[in-house]
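# Geometric and topological summary
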Amino acid sequence: MDEQALLGLNPNADADFRQRALAYFEQLKISQDAWQVCAEALAQSIYSDDHIKFFCFQVLEHQIKFKYSELTEVQQQLIRETLITWLQAQMLNPQPEKTFIRNKAAQVFALLFVTEYLTKWPKFFFDILSVVDLNPRGVDMYLRILMAVDAELVDRDVVHTSEEARRNTLLKDTMREQCIPSLVESWYQILQNYQYNNSELTCQCLEVVGAYVSWIDLSLIANERFINMLLGHMSVEVLREEACDCLFEIVNKGMDPIDKTKLVESLCQVLQSAGLFSIDQEDDVDFLARFSKLVNGMGQALIASWTKLIKNGDMKSAQDTLQAIEAKVSLMLQLLIHEDDDISSNIIGFCYDYLHILKQLSALSDQQKANVEGEDEAMFVEYRKQLKLLLDRLAQVSPELLLASVRRVFNTTLQNWQTTRFMEVEVAIRLLYMLAEALPVSHGAHFSGDVTKATALQDMMRTLVTSGVSAYQHTSVTLEFFETVVRYEKFFAVEPQHIPTVLMAFLDHRGLRHTSPKVRSRTAYLFSRFVKSLNKQMNPFIEDVLNRIQDLLELSPPENGYQALLSSDDQLFIYETAGVLIVNSEYSAERKQALMRNLLTPLMEKFKVLLEKLMMAQDEDRQMALADCLNHAVGFASRTSKAFSNKQTVKQCGCSEVYLDCLQTFLPALSCPLQKEVLRSGVRTFLHRMIICLEEEVLPFIPSASEHMLKDCEAKDLQEFIPLINQITAKFKTQVSPFLQQMFMPLLRAIFEVLLLPAEENDQSAALEKQMLRRSYFAFLQTVTGSGMSEVIANQGAENVERVLFTVIQGAVDYPDPIAQKTCFIILSKLVELWGGKDGPVGFADFVYKHIVPACFLAPLKQTFDLADAQTVLVCIIFFFAFTLIAMWQTEGKKNNGHVVLMVDLSYKENTLFFLNGVVVWLLFTCCSTVFCSSPMLKIKLENCRFENLTLTCITCKLTLSESERIGSSSLGCLGFSCDR
């Protein structure tokens, strides 16, 4: 490549170099083979400069988009291999690629998909999945590629030609037929594996599910396991917004009206039982905006079902649906009158559709008449909604006119804000706020680039912060002020002299000390965002701010009777803000350590006092109050650690010692016999954070903490403790091998003891707890084996090893739980891979042939195994069966000329998958769109069978093969055989 021209790709390059780079790009586009140079650069990672990598992807993108048909078969294969090689490298690189490179790569993959999927690359998704597996970086790219493919096929903002529209329809039809069930299963596995330890990937996956659910079979998503997982995400702070959006897309999908009503009602029942309908107790307005959208979708879906049922004459079902609608009106009105405009505007569709229903009814009940009174509120919200639409449309027609108009209204109003009605002042500030969406820019850079626009916004922001309007005596104006200064935080990089003015507004009676609890709560969150965004510009004010928020950091014991200004949830933001101020400061490590100690020492001191009081408390209510207060103290300390990104930062700040002191202070709570669930939960969460921040320094505390958490524990305690051990195991691996070997059997004994406890036959709650604990147990074994520490199991003694192996076999065969079965087969496959050779434990080879291989056959024969469920069949038979046997072949295949000989004694079982007397059976497994082309032939020899002259019948396709027919010449798309006798 022209190295001089590539210098112009740097954003800081001068105009001449940039012009040369642009000319070079045009030259490469018309060149016949220049793209191959770019392909080689990407495949071999020749360049480390991000802009050159992006440039290479642009060249490939142009080649695929406009000149792909001109390439030979060999050249097209080279492009496929280049992308797969680049994808493989992502799992090995020490640092992930920048986001803009990953997005561009995903776009190139998507372009190649639409070009080749129907003809030359039908295994596109399977090839990608085989590369990425469950590697976090690989999963990230896989999800980005899925979103890029969806954008190519479905994005309604892109105008497609009629030919492209026909092609996209054919692509979607083919995907539905060949790979969508497998893709859906991969999404489920990603959500299950990363929901507790990688919120970013989980949110990405939820976004993918929400995007695809509009055009795939809804039953693949709207089923018990997916819905239960999504509902579980609704209670996780970092996941619930994306989970809301995903549930909205599911509800929005077209369905039979009666089925839609049942789906919505079941969702509402679970959401209500989880406390999500208690709007007044929820302070996160971002989540409430998404939740309002979901409720709006559910309400409109019910109304659409009611309309269809009325039209079909099904009056009974229509009445049931109307009752379901009426039950949601109270929640709808709570959201409608919320102070935040985003929340109230999102519910407006449900409001209008409900009013439209009431107009069609011959007579209204008293409750329905009361509901109509909310119409005026709906009108006001609709006005503001229309105002935003007007701004957006005007911005498209004439952004200059919009800017001038808003500037005029804003300046006129704020010149006389003291004598102007609050609604007009609020709208004026709101107009400034909405300009950011009407005139969007990259990364919030409103104060650079276009001079006219930047100057106008700068003038309005200067007026906003200097006019004194933050002192207006109305909560809506106050909140609008703080929302706007946080939205335009980059203004303070241009005019930092205004930072003290805004800080004081946050810190005094206008913000954190406002008379309204809602204002204080929202301000706590906005203040945290404001401080984070300013970063180094906060240096001159750090100690002053820390002094001013000192009283807001106080832990309020339950007995003082003092009503704190902030709730404990709000205080979390203040503690996080304090941590950010200290960590991002330019102070020396010694000074940072002193400030962090000043911040956390009062928490540690009060924690010790409160723990002593709890130990002596007799009244259960007082015990609960003290335990909650102790839990808050641990949570506050944990929240300050969010300012750190890794151990190096902690060490640079000299704060390791402070957090180690916190650990020593908090761990004694684990031995407290009172309110164990609350205390253990808080300390366990703190340990999760310290493993990330302190790394190896936390290891000395783990054995003692584990010992206490395993005492007198219940199913839920163990279920929440195991992820901590999994995190330690996956992170430190062989470093914690001695600890794992020591606590392995005590942990397992605690698990087995809880699982064996008797329970009422109809106690669904106890049954669910045991099921979840069983899953956690298998997940623990999977983590141990997957982290390369199978010796932890092997060193437990032959009797214990055998017991563990039998529990895995039992999980794979006996429990009607596809999730547990999947985990068990992965464990077995990994153990075969690790122990299948000469180094495995004595007797393991016999165990493989006597127990693991029969398990592969016996699992689908259980009465609880639902062959009508395609996902269960695909996951639990084909993938696991083939994967396990292939792993065994990889270990022993070379011993028998490339074939693995499985000697299976099936004489003890009459109802067995195969009956064939002394005949060697050859099978090539194929099913649906999944073809194990790379797998060897599997040679299965069955002994001690008691029948002769049998006929084999496929249990799926009913194909019959007599004994005299040799199956070696056939390629069968079947799942198994049964004996006709």
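Residues numbered from 1 in each chain as written. Predicted model: local features only at pLDDT ≥ 70, side-chain atom pairs only at ≥ 80, totals over all residues. Heavy atoms only, no water.

### What about the overall build of the protein?
Note the following rule: A run of H or I in DSSP counts as a helix once it spans at least four residues, and a run of E counts as a strand once it spans at least two, with each numbered from the N terminus. Three exposure classes are used, based on accessible area relative to the maximum for each residue type with a 1.4 Å probe and protein chains only: buried under 20%, partly exposed in between, and exposed over 50%. The contact definition used throughout considers only heavy atoms, calling two residues in contact when any of these lie within 4.5 Å. Under the convention used here, a 1.4 Å probe and the Shrake-Rupley method define accessible areas, while residue burial counts only the protein chains that appear.
Of the regular secondary structure elements, the protein holds 43 helices and 8 strands. When each of the 981 residues of the protein is scored for burial, the buried share is 52%. For the protein, restricting intrachain contacts to residue pairs at least 6 apart in sequence, the fraction spanning at least 24 positions comes to 72%. For the protein, the accessible area works out to roughly 45,100 Å², and carbon and sulfur atoms hold 51% of it.

### So, the packing of aromatic side chains
Stated formally: Planes of paired rings set the category: under 30 degrees apart is stacked, over 60 is edge-to-face and the rest tilted, where pairs are Phe, Tyr or Trp rings (Trp by its six-membered ring) whose centres lie within 6.5 Å.
Going through the model one piece at a time under the given rule, you end up with 34 aromatic pairs. On the numbers, 4.6 Å between centres and 35° between planes, the contact of Phe482 with Phe506 is tilted. With a gap of 24 residues between them, Phe482 in helix α24 (residues 475–487) and Phe506 in helix α26 (residues 499–507) connect regions that are remote in the sequence. One exposure class covers both Phe482 and Phe506, and it is buried. Ring geometry for Phe491 and Phe492: centres 5.1 Å apart, planes at 75°, overall edge-to-face. We note that Phe491, like Phe492, is buried. Put simply, the rings of Phe447, Phe481, Phe482, Tyr488, Phe491, Phe492, Phe506, Phe527 and Phe530 pair up and form one aromatic cluster.

### A closer look at helix α12 (residues 224–233)
When α12 is considered as a whole, its buried residues turn out to be Phe226, Ile227, Met229, Leu230, Leu231 and His233. Where α12 is buried, its residues meet α10 (180–194), α11 (199–212), α13 (240–252) and α14 (257–273).

### Section: a negative patch on the surface
Rules: Patch definition: residues with relative accessible area over 30% and no salt bridge; like charges joined within 9 Å; nonpolar side chains (Val, Leu, Ile, Met, Phe, Trp, Tyr) joined within 5 Å. Salt bridge, as applied in this entry: a Lys or Arg side-chain nitrogen positioned within 4 Å of an Asp or Glu carboxyl oxygen. In this count, Lys and Arg are taken as positive residues and Asp and Glu as negative ones, while His and the chain termini are left out. For the purpose of locating charges, the reference atoms are NZ of Lys, CZ of Arg, CG of Asp and CD of Glu.
A cluster of like negative charges, contributed by Glu714, Glu760, Glu761, Asp763 and Glu769, occupies part of the molecular surface. With respect to the helices, strands and loops of the structure, Glu761 is situated in the loop between α37 (737–755) and α38 (764–786). You can call Glu761 exposed: its relative accessible area is 77%.

### Considerations on the packing of α26 against helix α27 (residues 517–534)
To be explicit about the condition: Axis definition: a line fitted to C-alpha atoms, over the contacting stretch in the case of helices. Angles run 0 to 180 degrees between N-to-C directions. Roughly parallel covers angles under 35 degrees, roughly antiparallel covers those over 145, roughly perpendicular covers 65 to 115, and oblique covers all other angles. Rotating anticlockwise by less than a right angle from the far helix to the near helix defines a left-handed crossing, while the corresponding clockwise rotation defines a right-handed one. For this classification, the nonpolar set comprises Ala, Val, Leu, Ile, Met, Phe, Trp, Tyr, Cys and Pro, the charged set comprises Asp, Glu, Lys and Arg, and every other residue, Gly included, is treated as polar.
Orientation of α26 relative to α27, taken along the N-to-C sense of each, is 155°, at an axis distance of 10 Å. In terms of orientation, α26 and α27 fall into the roughly antiparallel class. Like other packed secondary-structure pairs, α26 and α27 cross with a definite hand, here left-handed. In this structure, α26 uses Ile499, Val502, Leu503, Phe506 and Leu507 to contact α27, whose residues at the interface are Thr523, Leu526, Phe527, Phe530 and Leu534. Looking at the contact of α26 with α27 residue by residue, the class counts come to 9 nonpolar, 1 polar and no charged.

### Some details on the confidence of the model for the protein
So the rule is basically this: One number per residue, pLDDT, summarises how confident the predictor is, and it ranges from 0 to 100.
Considering every residue of the protein, the mean pLDDT works out to 80; 81% of them sit at 70 or more. Confidence, expressed as mean pLDDT per element, reaches its minimum in the protein at strand β4 (residues 930–931) with 28 and its maximum at α26 with 96. Counting interchain partners and residues more than four positions distant, the pLDDT-below-50 stretch residues 961–981 has 60 contacts.

### Side note on helix α5 (residues 73–90)
This is how the line gets drawn: Expected span, for any helix, means 1.5 Å times one less than how many residues it has.
Its 18 residues give α5 an end-to-end C-alpha distance of 26 Å, which sits within 8% of 26 Å, the value for a rise of 1.5 Å per residue. All buried positions along α5 are accounted for by Gln75, Gln76, Ile79, Arg80, Thr82, Leu83, Ile84, Trp86, Leu87, Ala89 and Gln90.

### Details of the pattern of salt bridges
Using the criterion set out here, one finds 35 salt bridges in the structure. For the salt bridge of Glu116 with Arg80, the shortest nitrogen-to-oxygen distance reads 2.5 Å. Of this pair, Glu116 sits in helix α6 (residues 99–116) while Arg80 sits in helix α5, placing them 36 residues apart in sequence. Among the residues examined, Glu116 registers a relative accessible area of 1% and is labelled buried. When its relative accessible area of 9% is taken as the criterion, Arg80 is described as buried. Salt bridges sharing common partners tie together Asp50, Lys53, Glu97 and Lys98.

### Looking at unusual backbone geometry
At Gln675, a position not held by glycine, the phi torsion is positive, near 50°. As for its placement among the helices and strands, Gln675 is situated in the loop between α33 (656–666) and α34 (676–694). A positive phi is found at Glu695, a non-glycine position, where the angle reads about 50°. Within the secondary structure layout, Glu695 lies in the loop between α34 and α35 (702–709).

### Overview of the environment of Arg774
Tracing the chain through its elements places Arg774 in helix α38. When the C-alpha atoms of Arg774 and Ile751 are compared, they prove to be 8.2 Å apart, with 23 residues separating the residues in sequence. Aside from chain neighbours lying at most four places away, what touches Arg774 is Leu755 and Tyr815.

### Points about the packing of α10 against α12
Look at α10 against α12: their axes get within 11 Å of each other, and the N-to-C directions meet at 35°. The crossing of α10 and α12 is left-handed. For the pair α10 and α12, contact is made by Val184, Glu185, Trp187, Tyr188, Leu191 and Gln192 and by Arg225, Phe226, Met229 and His233, respectively. Residue composition of the contact of α10 with α12, grouped by class: 6 nonpolar, 2 polar and 2 charged.

### Describing the side chain of Ser470
As for its placement among the helices and strands, Ser470 is situated in the loop between α23 (451–466) and α24. With residues near it in sequence (within four places) discarded, Ser470 still touches Thr478, Phe481, Ala505 and Arg510.

### Considerations on the side chain of Asp245
Inspection of the secondary structure assignment puts Asp245 in helix α13. Sequence-distant contacts of Asp245, defined by excluding residues within four places in its chain, comprise Arg290 and Lys293.

### What about the environment of Gln192?
Mapped onto the secondary structure, Gln192 falls in helix α10. Sequence separation between Gln192 and Phe226 is 34 residues; the distance between their C-alpha atoms is 9.9 Å. Sequence-distant contacts of Gln192, defined by excluding residues within four places in its chain, comprise Met229, Ile819 and Lys822.

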